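Each chain is listed here by its residues.
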Amino acid sequence: MTKSELIEKLMDKNQHIAARDVELSIKEMLEQMAQTLQKGERIEIRGFGSFSLHFRAPRVGRNPKTGETVKLDGKYVPHFKPGKELRERVNEGLEL
Amino acid sequence: MALTKAEMAEHLFLKLGVNKRDAKELVESFFEEIREALESGEQVKLSGFGNFDLRTKSERPGRNPKTGEDIPIKARRVVTFRPGQKLKSRVEESKPAGSDS
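Residues numbered from 1 in each chain as written. Chains lettered and ligands numbered in written order. Predicted model: local features only at pLDDT ≥ 70, side-chain atom pairs only at ≥ 80, totals over all residues. Heavy atoms only, no water.

Colleague: Which parts of the structure should I look at to understand the pattern of salt bridges?
Modeller: Pairing is possible between side chains that carry opposite charge, provided their charged atoms lie close to one another. Summed over all chains, the structure comprises 15 salt bridges over all chains. In this structure, E36 of chain B engages K13 of chain A in a salt bridge whose closest nitrogen and oxygen atoms are separated by 3.3 Å. One end of the pair, E36 of chain B, is in helix α2 (residues 20-39); the other, K13 of chain A, is in helix α1 (residues 3-13), on a second chain. Linking R89 of chain A and E85 of chain A is a salt bridge whose minimum nitrogen-to-oxygen distance equals 2.9 Å. With R89 of chain A and E85 of chain A both in helix α3 (residues 84-95) and 4 residues apart, the pair spans about one turn of that helix. Connected through shared salt-bridge partners, E85 and R89 of chain A together with E32, R35 and E39 of chain B make up one network. (Salt bridge = Lys/Arg side-chain N within 4 Å of Asp/Glu carboxyl O. Helix = DSSP H or I, 4+ residues; strand = E, 2+ residues; numbered from the N terminus.)

So, in structure tokens, the structure goes:
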């Protein structure tokens, strides 16, 4: 399912809300989530999961084309931990 | 302070003027729709943000850490999140706020 398919499904299920509001809201939610992580803050959605930043230590890498070594700085990467309800539902889906 | 559903709904109200009841419903159904897709075995791709993928893990030997008893860990399906390039570059140089859990 892509973002546009998700938007269409939500329009279908929320017909009392203007289609334009549904579309703008979904885009705004994703933007707010990205901004939150960008500010270094966590996202906690009960029953879904939490997003946080994990640190990646600096390392010496290699340019795969030239073989040249490059120093890579430490950085943060987004991390998602599924919540209990999501974990259980996804796993039960498997048994059906 | 972590972002929660209540704050997301409030933000839709403030920024887009969506009424509070609708905003709350939209936030709730947004996450529910993603859960339903994943539950039915479908990957979810949110461009600019990331992909929620499914991985099937086969049964493997495990152990009860308290009793030392051998118990197989059953085959299961798990969700993994792969952040998109855009999100990755946005957070690369972020400093986590505070030292929360």
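Colleague: Explain the layout of surface pockets here, please?
Modeller: Vacant regions in the atomic arrangement are exposed by a probe of water-molecule size rolled over the atoms. As a volume, the largest pocket reaches approximately 370 Å³. Every residue lining the largest pocket is counted, 17 residues in all, and those nearest its centre are P78 and H79 of chain A together with F81, R82 and P83 of chain B. Only β2 (49-56) and β5 (75-82) of chain A together with β5 (76-83) of chain B provide two or more residues apiece to the lining of the largest pocket. Taken as a whole, the second largest pocket encloses approximately 200 Å³ of empty space. In terms of lining residues, the second largest pocket is bounded by R56, A57, R59, L72, D73, G74 and K75 of chain A together with E92 and E93 of chain B. Of the residues assigned to the lining of the second largest pocket, the class counts are 2 nonpolar, 1 polar and 6 charged. (1 Å grid on protein atoms, 1.4 Å probe; cavity = no way out; pocket = protein on both sides within 12 Å on 5 of 7 lines; lining within 4 Å. Points joined across faces, edges and corners; volume = space filled by probe spheres on them. Nonpolar A, V, L, I, M, F, W, Y, C, P; charged D, E, K, R; others polar.)

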